[in-house]
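One-letter residues, chain by chain:
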Amino acid sequence: NAHTRAVKLADGASITGQFGGGTPRVNPATGNVHQGMSVYAPTGGLLWRYDTNSLPASDPTLAPDGKMYFFLQSRSLQAVSQSGQLLWGKPLAE
């Protein structure tokens, strides 16, 4: 199916239910799971979800410092902090 399930690496026990769509990425510094426009704690609880006025054009890129960078269908590039706050947005020329 199209869902991701989190498990403990030590014993394979399930941590949580289903995350949303997109390719999951784990921040090695925090263990947080970044999936789509949402970030989940290692225990599976939702930490924050970033809402945009436009649909994402692709999965966000997770930088080593925990910032997320992504393109929107409205033709802009945005950066979001580890806490889910917009850092900057830049319209892209056609």
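Above this text you will find the structure in question.
This is a predicted model, so every value here is computed, not measured. (Residues numbered from 1 in each chain as written. Predicted model: local features only at pLDDT ≥ 70, side-chain atom pairs only at ≥ 80, totals over all residues. Heavy atoms only, no water.)

All right, on to the overall build of the protein chain then. Helix and strand content of the protein chain: zero helices and ten strands. If you list the helices and strands of the protein chain from N to C, you get β-β-β-β-β-β-β-β-β-β. The buried share of the protein chain, taken over its 94 residues, is 33%. In the protein chain, the proportion of contacts linking residues at least 24 apart, taken out of those at least 6 apart, comes to 21%. Within the structure as shown, the protein chain displays about 5900 Å² of accessible surface, and the carbon and sulfur contribution to it stands at 54%. (Helix = DSSP H or I, 4+ residues; strand = E, 2+ residues; numbered from the N terminus. Buried < 20%, exposed > 50% of the residue type's maximum accessible area, 1.4 Å probe, protein only. Contact = heavy atoms within 4.5 Å. Areas by Shrake-Rupley, 256 points an atom, 1.4 Å probe, with all protein chains shown as cover.)

The biggest cluster of nonpolar side chains holds nine residues, and these are M37, V39, W48, Y50, L62, M68, F70, L72 and V80. The leading source of residues in this core is strand β8 (residues 68–72), at three residues. Here M68 is in contact with H34, G36, V39, W48, P60, T61, L62, Q78, A79 and V80, once residues within four sequence places are set aside. (Core = buried A, V, L, I, M, F, W, Y, C linked by side-chain atoms within 4.5 Å.)

Overall, the coordinates contain one salt bridge when judged by the stated rule. As a salt-bridge pair, D65 and K67 come within 3.1 Å of each other at their nearest N and O atoms. On the basis of relative accessibility, which here comes to 36%, the residue D65 falls in the partly exposed class. We classify K67 as partly exposed; its relative accessible area is 29%. (Salt bridge = Lys/Arg side-chain N within 4 Å of Asp/Glu carboxyl O.)

As a further point, take the packing of aromatic side chains. On inspection of all chains with the given rule, the structure shows two aromatic pairs. Taking the centre distance of 6.1 Å and the plane angle of 50 degrees together, the rings of Y69 and W88 count as tilted. Here Y69, found in strand β8, pairs with W88, found in strand β10 (residues 86–91); they are 19 residues apart in sequence, far enough to count as distant. Classification of Y69 as partly exposed rests on a relative accessible area of 27%. (Phe/Tyr/Trp six-rings, centres within 6.5 Å; stacked < 30°, edge-to-face > 60°.)

Interpretation note: all reported values are geometric properties and have no functional meaning in isolation.
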